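Topology and contacts: notes
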Amino acid sequence: MKNTIVSLALLLASLGGSTCASAGVIGFDDLPGEESTVVANGYAGFDWDNVGVIRADAYPGSGYEAGTVSFANTAYNRDGAPVAISKAGGFNFVGAWFTSAWMEQEISFEGWRNGQLLYSTGVSTVIDTMAPQWVQLGWNGIDTLVIYNSSPTPWAMDDFTVPEPATLGLFGAALAGLAAVRRRRPSRA
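The sections below set out a description of the structure shown in this document. Throughout, a residue's number is its position along its own chain's written sequence, starting from 1. At least 70 in pLDDT is required for a residue's local features to be given in this predicted model, at least 80 for side-chain atom pairs to be given and counted, and no such filter applies to totals for whole chains, interfaces and linings, which use all residues. As a rule here, side-chain values cover all heavy atoms of the structure and leave hydrogens and water aside.

With respect to the helices and strands, the residue Asn149 is situated in strand E9 (residues 133–149). Through-space distance from the C-alpha of Asn149 to that of Thr125 is 9.4 Å; in sequence the pair is 24 residues apart. By definition, residues are in contact when any of their heavy atoms lie within 4.5 Å. In this view, Asn149 contacts Asn77, Gly80, Ala81, Pro82, Gln105, Glu106, Ile107 and Trp155; residues no more than four positions away in its chain are not counted. Here Asn77 takes part through its side chain, which lies 3.5 Å from a polar atom of the side chain of Asn149. Between N or O atoms, a polar contact is any pair within 3.5 Å; within protein, one atom must be a potential hydrogen donor and the other a potential acceptor, and residues adjacent in sequence are included only when both atoms are from side chains. Polar side-chain contacts of Asn149 include one of 3.0 Å to the backbone oxygen of Gly80. By definition, any uninterrupted DSSP run of H or I lasting at least four residues is a helix, any uninterrupted run of E lasting at least two residues is a strand, and each is numbered from the N terminus.

Let us now look at the environment of Glu65. Among the secondary structure elements, Glu65 is positioned in helix H2 (residues 63–67). The classification of residues rests on relative accessible area computed with a 1.4 Å probe and restricted to protein chains. Under 20% of the type maximum is buried, over 50% is exposed, and intermediate values are partly exposed. The exposure class of Glu65 is partly exposed, given its relative accessible area of 37%. Separated by 66 residues in the primary sequence, Glu65 and Ala131 have C-alpha atoms spaced 9.2 Å apart. Residues in contact with Glu65, not counting those within four places in the same chain, are Ala56, Tyr59 and Pro60.

In this structure, Thr144 sits in strand E9. Residues Thr144 and Trp48 lie 96 residues apart in sequence; the distance between their C-alpha atoms is 9.9 Å. Ignoring sequence-local partners within four residues, the contact set of Thr144 consists of Ala84, Ile85, Ser86, Phe91, Glu110, Gly111 and Trp112.

Of note, Glu110 is situated in strand E6 (residues 105–113). Within the local environment of Glu110, its side chain forms a polar contact with the side chain of Tyr148, the two groups lying 3.1 Å apart. Sequence-distant contacts of Glu110, that is, excluding residues within four places in its chain, are made with Leu117, Tyr119, Ser120, Trp139, Thr144, Leu145, Val146 and Tyr148.

This paragraph deals with unusual backbone geometry. Residue Asp79 is not a glycine yet carries a positive backbone phi of 60°. Residue position: Asp79 is located in the loop between strand E4 (73–77) and strand E5 (83–100). Of note in this structure, Asp159 is not a glycine but carries a positive phi near 50°. Among the secondary structure elements, Asp159 is positioned in strand E10 (residues 155–161). For Asp159, a relative accessible area of 14% gives the class buried.

Put into structure tokens, the structure is as follows:
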């Protein structure tokens, strides 16, 4: 019984670590990072419309540099135009870090499912070139995320975050197992 509890605790700890470490965070750092690099459809299981990737050091002092949260690269909206990120079967979007590349601007978001608008931020979020801003939406069950901007200038996006259902399911199973073991343990009188 004691070995079971220790095993479940170790499993729980390892899952907790992997959930935090990978937690469905797409950092774009495994892509080349040349300014002409287009994020290809299928990358990380998503289709990327009008999304490029650039190295943080490509333009020192820019929002690209300030907006790179994880390692070396950041994604951006090519030509300053709107972006659509989609996944067949849908996904849950937690949020991402955003910074404007060259000048302060506003961005807004829409979440779609099967051609129907499910979510809209309505109010725009102001981003600047100085520091990344976390935009948390927590939208569930969308198949397309559309990002609009108020000016024809690019923005930078890093650590695009979506939960990993398999990891979350394992984490939940470990918790349920631990609870079951605790219930079965005989009480001491």
